[in-house]
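Structure at a glance
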Amino acid sequence: MGGEVLVLSQLGPINIRADTLGSPVGSVQFTIDGQVVQVENVAPYALAGDDEGDYFPWFPTEFGLLTLEATIYSGSDASGSPGDSKQVTFTLLADAVTPKPVP
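The notes below deal with the structure included here. Values in this document were obtained by computation on a predicted structure and should not be read as measured data.

Okay, the layout of surface pockets next. Taken as a whole, the largest pocket holds about 390 Å³ of empty space. What lines the largest pocket is a set of 18 residues, and nearest its centre among them are Ala18, Asp19, Thr20, Ala70 and Lys86. When residues of the lining of the largest pocket are traced back to their parent elements, those giving at least two are strand 2 (17-18), strand 3 (27-32), strand 8 (64-73) and strand 9 (82-93). Of the residues forming the lining of the largest pocket, the biggest block, 5 residues, is contributed by strand 9.

Val28, Phe30, Trp58, Leu68, Phe90 and Leu92 are the most contacted members of the largest nonpolar core, which totals 18 residues. Elements that contribute at least two residues to this core include exactly strand 3, strand 8 and strand 9. By residue number, the principal contributor to this core is strand 8, which donates 4 residues. When residues no more than four places from it in sequence are discounted, the contact partners of Phe90 are Gly3, Glu4, Leu6, Trp58, Gly64, Leu65, Leu66 and Leu68.

Bringing the pairing of strand 8 into the picture now. Summarising the sheet, strand 3 and strand 8 pair through 6 bridges and their orientation is antiparallel. Opposite Thr31, over in strand 8, you have Glu69 as the bridge partner. Sheet topology note: the strand 8/strand 9 ladder contains 9 bridges and is antiparallel. Residue pairing in the sheet places Gly64 in a bridge with Leu92 of strand 9.

In spatial order, the strands read 1-9-8-3-4; together these 5 strands make up an open sheet with mixed pairing. Strands with a single pairing partner mark the edges of an open sheet, and in this sheet they are strand 1 (5-7) and strand 4 (35-40). For this sheet, the mean angle separating the axes of adjacent strands, direction not counted, is 30°.

Cut-off values and rules
Residues numbered from 1 in each chain as written. Predicted model: local features only at pLDDT ≥ 70, side-chain atom pairs only at ≥ 80, totals over all residues. Heavy atoms only, no water. 1 Å grid on protein atoms, 1.4 Å probe; cavity = no way out; pocket = protein on both sides within 12 Å on 5 of 7 lines; lining within 4 Å. Points joined across faces, edges and corners; volume = space filled by probe spheres on them. Helix = DSSP H or I, 4+ residues; strand = E, 2+ residues; numbered from the N terminus. Core = buried A, V, L, I, M, F, W, Y, C linked by side-chain atoms within 4.5 Å. Buried < 20%, exposed > 50% of the residue type's maximum accessible area, 1.4 Å probe, protein only. Contact = heavy atoms within 4.5 Å. Pairing = 2+ DSSP bridges. Axes fitted to C-alpha atoms, helices over the stretch in contact; angles between N-to-C directions.

This is how it looks when you write it as structure tokens:
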């Protein structure tokens, strides 16, 4: 996944989940453009959090070209050793932009 254009007005409420495989995970840290947005200590690991699998909607404050990164850590609250990390870059728009015709 990468390079997609997401238009919030067409999607409705969204959240992004990181699925992990392999060794035990203490936590997953989500960053957008290098800024920590969320740390989840219990699966499912979701960017906007959840209540026992009932996902909370994400209300982004930044739009345009974004890079989301999810990094696993061996300890809770992004402590211990960092493990695998995955990045995805996408364009986030609040509304669809319709190009104006050229006269």
